[in-house]
Amino acid sequence: MPLPAIPRRVKIGDAAAFAGTTPRAIRHYHAIGLLAEPERGSDDRRRYGYDDMVRLLWIRRMADAGVSLDDIHAAFKGTTDIEQSLARLEEALAAKAAAIEARRAAVNRLREVGSPLGLLSPLVTGLLRDLPPGALRSADLDTLLVTERVIGPLGAAGQANRFVVLATHPELRAEEDRLAEAEMALDDTVSPDDPRIEDLAAQRRDHETVLAAAVERSGLDEALDVLLDREDEHVGEEGDEARMSAVEAIGKMPYDFSPARVRYEERVIELLHPADQDGDTNPPAC
């Protein structure tokens, strides 16, 4: 049985097809010195021989395994220990596998919970999933999403307890809504020195104090402790999302606060955490 025609050299398109790559990729290998550029024929086109194809096949096998082009180049030159390259590759693959598993866990939580709540951290989801439908407002979810980004799941979990109390105590939710409306009124028409700011900040301080007491009475902190004990089961589930400091995050999240609203927020913090203000241990006199 006669053999089919066997070419002595092939064009770049045939070389790419045989190696399972593209002419563009081969040209890139030439450009970075990974694959020597063969001589051109009388038609000024590259022609690839057996040795070229073997080199190209090894390049593709290593690239498909995830080895970087720089490491492939160094390996061919013998200037680096391939074990070092493989160790780096193993670390990168482990990180990717963890990220994929985190995405799978997030999708499973989303399907199980049946709402965007399932996309938040397991800590937050575990605290809020038993609330009746409609008890958690979309604005509450938005706030939790931002909080997770700014200070992480643990901070958002603590905030979740606050939303549980608001959802189960209508009188506290009504006061929350009243204060939120008053805060929205602190627009650019209000001076940062307006005395109403101090009064409203004191009202917010009192409201947050009542909320904190309600959280403590309800035993929600204990429920959070139970979930924290299980936290190791979800290590890595946040994927490869870049983490930044709270200060950096706050500086990048737009709120369009007026100077009066900024001053109000500062006063609320000062009233809630008086011990942090210049070493004072007692709240300022009102």
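Here the residue numbers are simple positions, counted from 1 along each chain's written sequence. In keeping with the model being predicted, local features are shown solely for residues with a pLDDT of at least 70 and side-chain atom pairs are shown and tallied solely at 80 or more, while totals for entire chains, interfaces and linings include all residues. Just so you know, side-chain values use all the structure's heavy atoms and leave hydrogens and water out.

### Quick notes on the overall build of the chain
Next up, step 1: Secondary structure follows DSSP: runs of H or I at least 4 residues long count as helices, runs of E at least 2 residues long count as strands, and numbering of each begins at the N terminus. The helix and strand tally for the chain stands at 13 helices and zero strands.
Next up, step 2: Sequence-ordered secondary structure for the chain, helices as α and strands as β, is α-α-α-α-α-α-α-α-α-α-α-α-α.
Next up, step 3: Partly exposed describes any residue whose relative accessible area lies between the buried limit of under 20% and the exposed limit of over 50%, with all areas from a 1.4 Å probe on protein chains only and scaled to the type maximum. Expressed as a percentage of its 286 residues, the buried residues of the chain come to 34%.
Next up, step 4: The accessible surface values rely on the Shrake-Rupley method and a 1.4 Å probe; as for residues, cover is taken only from the protein chains in view. When the accessible surface of the chain is totalled, it reaches about 18500 Å², and 55% of it is carbon and sulfur.

### Quick look at helix α3 (residues 50-64)
Next up, step 1: The span expected for a helix works out to 1.5 Å for each residue beyond the first. Relative to the 21 Å expected for 15 residues at 1.5 Å per residue, α3 spans 21 Å between its end C-alpha atoms, a close match to the ideal helical length.
Next up, step 2: Where α3 is buried, its residues touch α1 (12-19), α2 (23-31) and α4 (69-77).
Next up, step 3: Of the residues one or two after α3, Gly66 is the one with positive phi, at around 100 degrees. Only heavy atoms matter for contacts: two residues are in contact if any of them lie within 4.5 Å across the pair.

### A closer look at the packing of aromatic side chains
Each aromatic ring pair is summarised here by two numbers: the centre-to-centre distance and the angle between the ring planes.
Next up, step 1: For Phe, Tyr and Trp, rings pair up if their centres lie within 6.5 Å, where Trp contributes its six-membered ring, and each pair is then called stacked (planes under 30 degrees apart), edge-to-face (over 60) or tilted (otherwise). Under the counting rule described, the total for this entry stands at one aromatic pair.
Next up, step 2: A ring is scored as having a charge over it whenever the NZ atom of a lysine or the CZ atom of an arginine sits within 6 Å of its centre and within 35 degrees of its normal. Note that Arg55 overlies the ring of Phe76, its terminal NZ or CZ placed 3.8 Å from the centroid.
Next up, step 3: Over the ring of Phe257 we find Arg261; its NZ or CZ atom is 4.3 Å from the centre of that ring.

### Points about the packing of helix α8 (residues 153-168) against helix α9 (residues 170-184)
Next up, step 1: Throughout, an axis means a line fitted to C-alpha atoms (over the contacting stretch in the case of helices), and angles, computed between N-to-C directions, take values from 0 to 180 degrees. Contact pair α8 / α9: the axes reach a minimum separation of 5 Å and the direction vectors enclose 110 degrees. Taken as axis vectors, α8 and α9 run roughly perpendicular relative to one another. Contact residues: Arg162, Val165, Leu166 and Thr168 in α8; Pro170, Leu172, Arg173 and Glu176 in α9.
Next up, step 2: Three categories are distinguished: nonpolar for Ala, Val, Leu, Ile, Met, Phe, Trp, Tyr, Cys and Pro, charged for Asp, Glu, Lys and Arg, and polar for the others, with Gly belonging to the last. Of the residues that constitute the contact of α8 with α9, the class distribution is four nonpolar, one polar and three charged. By definition in this entry, angles of less than 35 degrees are roughly parallel, angles greater than 145 are roughly antiparallel, angles of 65 to 115 are roughly perpendicular, and the rest are oblique.

### Observations concerning the nonpolar core
As a rule of thumb, soluble globular proteins bury nonpolar side chains together.
Next up, step 1: By nonpolar core is meant a set of buried Ala, Val, Leu, Ile, Met, Phe, Trp, Tyr and Cys residues that side-chain atoms within 4.5 Å join together. In terms of nonpolar packing, the biggest core is built from 23 residues, with Leu117, Val124, Leu128, Leu136, Leu144 and Val165 touching the most fellow members.
Next up, step 2: Of all the secondary-structure elements, those providing two or more residues to this core are α6 (122-128), α7 (138-151), α8 and α10 (195-218).
Next up, step 3: Of the residues forming this core, the biggest block, seven residues, is contributed by α8.
Next up, step 4: Those residues within four positions of Val124 in sequence are excluded, and the remaining contacts are Leu117, Leu144, Glu148, Pro153, Ala156, Ala157 and Ala160.
Next up, step 5: Grouped together as the second largest cluster of nonpolar side chains are 18 residues, Val10, Ala15, Met53 and Val67 included.

### Quick word on the packing of α1 against α3
Next up, step 1: α3 packs onto α1 with a crossing angle of 45 degrees between their chain directions and a minimal axis gap of 10 Å. Here α3 runs oblique to α1, going by the angle between their axes. At the point where α1 passes α3, the crossing takes the right-handed sense. Contacts between α1 and α3 involve Ala15, Phe18 and Ala19 from the former and Met53, Leu56, Leu57 and Arg60 from the latter.
Next up, step 2: The class makeup of the residues in the contact of α1 with α3 is six nonpolar, no polar and one charged. The crossing is said to be left-handed when, going from far helix to near helix, the turn is anticlockwise and less than a right angle, and right-handed when the turn is clockwise.

### Remarks on the side chain of Glu176
Next up, step 1: Following the sequence through the fold, Glu176 ends up in helix α9.
Next up, step 2: What Glu176 contacts, discounting residues up to four positions off in sequence, is Arg162, Leu166, Arg204, His207, Glu208 and Leu211.

### Some details on a negative patch on the surface
Next up, step 1: Together, Glu216, Asp221, Glu222 and Asp225 give the surface a local cluster of negative charge.
Next up, step 2: Broken down by element, the residue count for the negative patch peaks at three residues, all from helix α11 (residues 220-229).
Next up, step 3: Among the structural elements, Asp225 can be located in helix α11. Residues enter patches when their relative accessible area tops 30% and they take part in no salt bridge; the joining distance is 9 Å for like charges and 5 Å for the nonpolar side chains Val, Leu, Ile, Met, Phe, Trp and Tyr. Take a side-chain nitrogen of Lys or Arg and a carboxyl oxygen of Asp or Glu: if they are within 4 Å of each other, that pair is a salt bridge. When charges are counted, neither His nor the chain ends are considered; positive counts come from Lys and Arg and negative counts from Asp and Glu. Lys charges are placed at NZ, Arg charges at CZ, Asp charges at CG and Glu charges at CD.

### Some thoughts on helix α13 (residues 259-272)
Next up, step 1: Spanning 14 residues, α13 covers 20 Å between terminal C-alpha atoms, matching the ideal 20 Å at 1.5 Å per step.
Next up, step 2: For α13, the full list of buried residues reads Ala260, Arg261, Tyr264, Arg267, Val268 and Leu271. Taken end-on, α13 shows its buried residues confined to a sector of 120 degrees, consistent with a single buried face.
Next up, step 3: The inward-facing, buried residues of α13 abut α9 and α10. Along the arc lie the directions from the helix axis toward the C-beta atoms.

### Focus on the pattern of salt bridges
Next up, step 1: The tally for this structure, following the rule as stated, stands at 22 salt bridges.
Next up, step 2: The partner of Arg9 in a salt bridge is Asp52, with the nearest N and O atoms 3.8 Å apart. Here Arg9 is found in the segment before α1, whereas its partner Asp52 is found in helix α3, with 43 residues between them in sequence.
Next up, step 3: What makes Arg9 partly exposed here is its relative accessible area of 43%.
Next up, step 4: Close ionic contact of Glu176 with Arg162 constitutes a salt bridge, the shortest N to O distance being 2.8 Å. Of this pair, Glu176 sits in helix α9 while Arg162 sits in helix α8, placing them 14 residues apart in sequence. One exposure class covers both Glu176 and Arg162, and it is buried.
Next up, step 5: One salt-bridge network, in which partners are shared between bridges, spans Arg162, Glu176, Glu183, Arg204, Glu208, Arg261 and Glu265.

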